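# Chains, contacts and geometry: an overview
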Amino acid sequence: MNRRLPAATGPCIDPATGRPDMLTTDSTGKTDVHALMADMGRRARAAAAPLAIASPQAKHAALMAMADAIETGMDTILAANARDMENGVAAGLSPAMLDRLKLDGDRVRAMAGGIRAIAELKDPVGEIIAEWDRPNGLHIERVRTPLGVIGVIYESRPNVTADAGALCLKAGNAVILRGGSDSAHSSAAIHACLAEGLEAAGLPADAIQRVPVTDRAAVGELLTGLDGNVDVIVPRGGKSLVARVQADARVPVFAHLEGICHVYVDKSADPAMAVAIVTNAKMRRTGICGAAETLLVDRACAATHLPPILQALAEKGCEIRGDDTVMALWDDAKEAAAEDWSTEYLDAIISVAVVDGVSGAIGHINRYSSHHTEAIIAEDDEAVARFFNEIDSAILLHNASTQFADGGEFGMGAEIGIATGKMHARGPVGVEQLTSFKYRVRGTGQTRP
């Protein structure tokens, strides 16, 4: 953890790294969170200017160096994560939350691989999105530009430190990362690798900053926009976190609400495919936002399609909560309460309902969905077309698991989160979504009459 050095009036130097730890103290020796965050905001804004015009080659070099540093520092990262896991167990975190927190060799290597994938993406900054000529001879271009400074607030999953830092850098943005206290040691170790990559490429060290305190007051300060130095906030976490961010933020927010994701099995679905997809959608990793939380089955095929699906789920340890029809078909099902249909379990629990065809599924989803991700398993093209046209969620899938709701799986390298709002960014927030645009207009002396 960061060491709090006494009698500081500005950024302190961490003796272990030689880098500023940016912990300031007041007259009582306590960390002055307001001063700390204000300083981070100023530093981020200062770093954003050179970063916005950094060459693609410099950013690529920094990202590759970050990935190398993460692999080289694997032992340090895993040791830090072991401390977080020990603390998480002592704090009584659920198995699903511990799974989100846990790192192992494969996950660390995947983290490095994700950064390399981001490095190889086309640099979005300066891309001409559209261009056209006017009758008066003006030539107009719409060009991608960085957003500026992004604040990312997240919980538990330490890999978000790497994903968010790398994505923001690729899009030419400075970023202030505020991870959860559960993953503080892991995030600090990962952030040190990101700082090493920036240093190796000669980019500003303040381009990727991590809030070094777990005091929740730091979140409140970040939500104020830090005197106009933060341009957008991206929250990634539970419902209470996102609700607080949306309620208190004084800057725009890319909302990532809870993932109440549905899978609908139509009467035209291939039974074996339905079993495989539903089981994967729910049980591959129960603690991620793309995990299915509600299963809907067409009444016309419930007797044939539903029991094998429930059998497969039960064999993997999933608790079934169902409506009256489900309980009649499956003896071990528990009666679903009203709140089950709007609950993100993030655990080995699924709510199951029998509906009247695709119309019933659409009605149920539009009532209870968080507009994150929904899937239909069907061979009927008309049912699929209705599902895609009449459901307004960020991601819709046909004959595929909801666990594909992930920027990496979309070819984006990684993501900061899944935005469920409708403004600017929606779905996986990758490098393109972390840019804005400006217009360049070229003339030959035109004046407006």
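An account of the accompanying structure is given in this report.

Reading the values: the criteria
- Residues numbered from 1 in each chain as written.
- Predicted model: local features only at pLDDT ≥ 70, side-chain atom pairs only at ≥ 80, totals over all residues.
- Heavy atoms only, no water.
- Helix = DSSP H or I, 4+ residues; strand = E, 2+ residues; numbered from the N terminus.
- Rg over C-alpha atoms; globule rule 2.2 N^0.38 Å.
- Buried < 20%, exposed > 50% of the residue type's maximum accessible area, 1.4 Å probe, protein only.
- Contact = heavy atoms within 4.5 Å.
- Areas by Shrake-Rupley, 256 points an atom, 1.4 Å probe, with all protein chains shown as cover.
- Lys, Arg positive; Asp, Glu negative; His and termini not counted.
- Charge placed at Lys NZ, Arg CZ, Asp CG, Glu CD.
- Pairing = 2+ DSSP bridges.
- Axes fitted to C-alpha atoms, helices over the stretch in contact; angles between N-to-C directions.
- Core = buried A, V, L, I, M, F, W, Y, C linked by side-chain atoms within 4.5 Å.
- 1 Å grid on protein atoms, 1.4 Å probe; cavity = no way out; pocket = protein on both sides within 12 Å on 5 of 7 lines; lining within 4 Å.
- Points joined across faces, edges and corners; volume = space filled by probe spheres on them.
- Nonpolar A, V, L, I, M, F, W, Y, C, P; charged D, E, K, R; others polar.
- Salt bridge = Lys/Arg side-chain N within 4 Å of Asp/Glu carboxyl O.
- Expected span 1.5 Å × (residues − 1).
- Parallel < 35°, antiparallel > 145°, perpendicular 65-115°, else oblique.
- Left-handed = near helix turned anticlockwise from the far one by under 90°.

### Topic: the overall build of the protein chain
Along the backbone of the protein chain there are 14 helices and 16 strands. Relative to a compact globule of 449 residues, whose C-alpha radius of gyration would be 22 Å, the protein chain shows 24 Å and is just as compact. Summarising its shape, the C-alpha atoms of the protein chain cover approximately 70 × 70 × 40 Å along the three principal directions. Taken over 449 residues, the protein chain has a buried fraction of 54%. A fraction of 71% describes how many contacts in the protein chain between residues 6 or more apart in sequence connect residues 24 or more apart. Accessible surface, the protein chain: about 18,900 Å² in total, of which carbon and sulfur atoms supply 51%. Positive and negative side-chain charges of the protein chain, numbering 43 and 58 respectively, have mean locations separated by a distance of 7 Å.

### Let's talk about the sheet that holds strand 16 (residues 435-442)
Pairing within the open sheet is antiparallel, and its three strands lie in the order 1-2-16. For this open sheet the edge positions go to strand 1 (128-133) and strand 16, each flanked by a neighbour on one side alone. Going from strand to strand, the sheet's axes swing by 20° on average, the running direction of each strand aside. Examined bridge by bridge, strand 2 (residues 139-146) and strand 16 share eight bridges and lie antiparallel to one another. The residue of strand 16 that forms the bridge with Arg144 is Phe437.

### A closer look at the sheet that holds strand 12 (residues 373-377)
Read from one edge of the open sheet, seven strands run 10-9-11-8-7-12-13, paired in parallel fashion. The open sheet is flanked by strand 10 (334-335) and strand 13 (395-398), the only strands paired with a single partner. Relative to strand 12, strand 7 (residues 261-265) runs parallel, the two being bridged by four bridges. Looking at strand 12, one finds that Val265 is bridged to Ile377. Sheet contacts for helix 14 (residues 381-390): strand 7, strand 12 and strand 13; angle to strand 12, the most-contacted strand, approximately 170°.

### Regarding the nonpolar core
Counting residues in each nonpolar core, the largest one holds 50 residues, and the members touching the most others are Ile70, Ile115, Val152 and Leu434. Listed by contribution, the elements that provide at least two residues to this core are helix 2 (56-72), helix 3 (74-90), helix 5 (105-120), strand 3 (149-154), helix 6 (159-170), strand 4 (174-178), helix 7 (184-201) and strand 6 (232-236). The residues contacting Ile115, other than those within four sequence positions of it, are Leu63, Met66, Ala67, Ile70, Ala162, Ala166 and Leu194. Counting 36 residues, the second-largest nonpolar core is a separate cluster that includes Met283, Leu295, Ile350 and Val352.

### Considerations on the environment of Thr72
Among the secondary structure elements, Thr72 is positioned in helix 2. Taking the C-alpha atoms as reference points, Thr72 and Cys193, separated by 121 residues in sequence, lie 9.1 Å from one another.

### Remarks on unusual backbone geometry
Positive phi is not limited to glycine here, since Leu226 has a value of about 50°. Note on placement: Leu226 falls in the loop between helix 8 (217-223) and strand 6. At Leu346, a position not held by glycine, the phi torsion is positive, near 50°. Residue position: Leu346 is located in the loop between strand 10 and strand 11 (349-355). For Leu346, a relative accessible area of 17% translates into the label buried.

### Brief notes about the environment of Gly165
When you line up the elements, Gly165 lands in helix 6. Remark: the alpha-carbon pair of Gly165 and Ala91, spanning 74 residues in sequence, is separated by 28 Å. Setting aside its immediate chain neighbours within four residues, Gly165 contacts Val160, Val175, Leu177, Leu194 and Ile208.

### As for empty space enclosed by the protein
Think of a ball as big as a water molecule: rolled over the atoms, this probe shows where empty space is left. Under the criterion given, the structure shown has two cavities of 30 Å³ or more. If you go around the second largest cavity, the residues you meet are Arg178, Gly179, Gly180, Ser183, Ala184, Ser187, Arg210, Val211, Pro212, Val213 and Thr214. Classifying every residue of the lining of the second largest cavity by side-chain character gives four nonpolar, five polar and two charged.

### Notes on the pattern of salt bridges
Taken as a whole and assessed by the stated rule, the structure comprises 24 salt bridges. Salt-bridge contacts for Arg144 lead to Glu432; the nearest nitrogen and oxygen are separated by 3.5 Å. In this pair, Arg144 is assigned in strand 2 and Glu432 in the loop between strand 15 (427-428) and strand 16, connecting sequence segments 288 residues apart. We classify Arg144 as buried; its relative accessible area is 15%.

### Digging into the side chain of Thr373
Tracing the backbone shows Thr373 in strand 12. Owing to a relative accessible area of 0%, Thr373 belongs among the buried residues under this scheme. Dropping the residues within four chain positions of it, Thr373 is found in contact with Ile260, Cys261, His262, Ile395, Leu397, Thr402 and Ala405.

### Some points on helix 2
Its 17 residues place the ends of helix 2 24 Å apart at the C-alpha level, agreeing with the 24 Å of an ideal helix rising 1.5 Å per residue. Among the residues of helix 2, those classed as buried are Ala58, Lys59, Ala62, Leu63, Ala65, Met66, Ala67, Ala69 and Ile70. Structurally, helix 2 contributes buried residues whose contacts are with helix 3, helix 5, helix 6, helix 7 and strand 5 (208-210).

### As for the packing of helix 3 against helix 5
The contact between helix 3 and helix 5 brings their axes to 10 Å, and the two run at 120°. The pairing of helix 3 with helix 5 is recorded here as oblique in orientation. Seen from above, helix 3 lies across helix 5 with right-handed handedness. Across the interface between the two elements, Met74, Ile77 and Leu78 of helix 3 pack against Gly105, Val108 and Arg109 of helix 5. Each residue belonging to the contact of helix 3 with helix 5 can be placed in one class, and the counts come to four nonpolar, one polar and one charged.

Distances and angles like these do not, on their own, reveal function.
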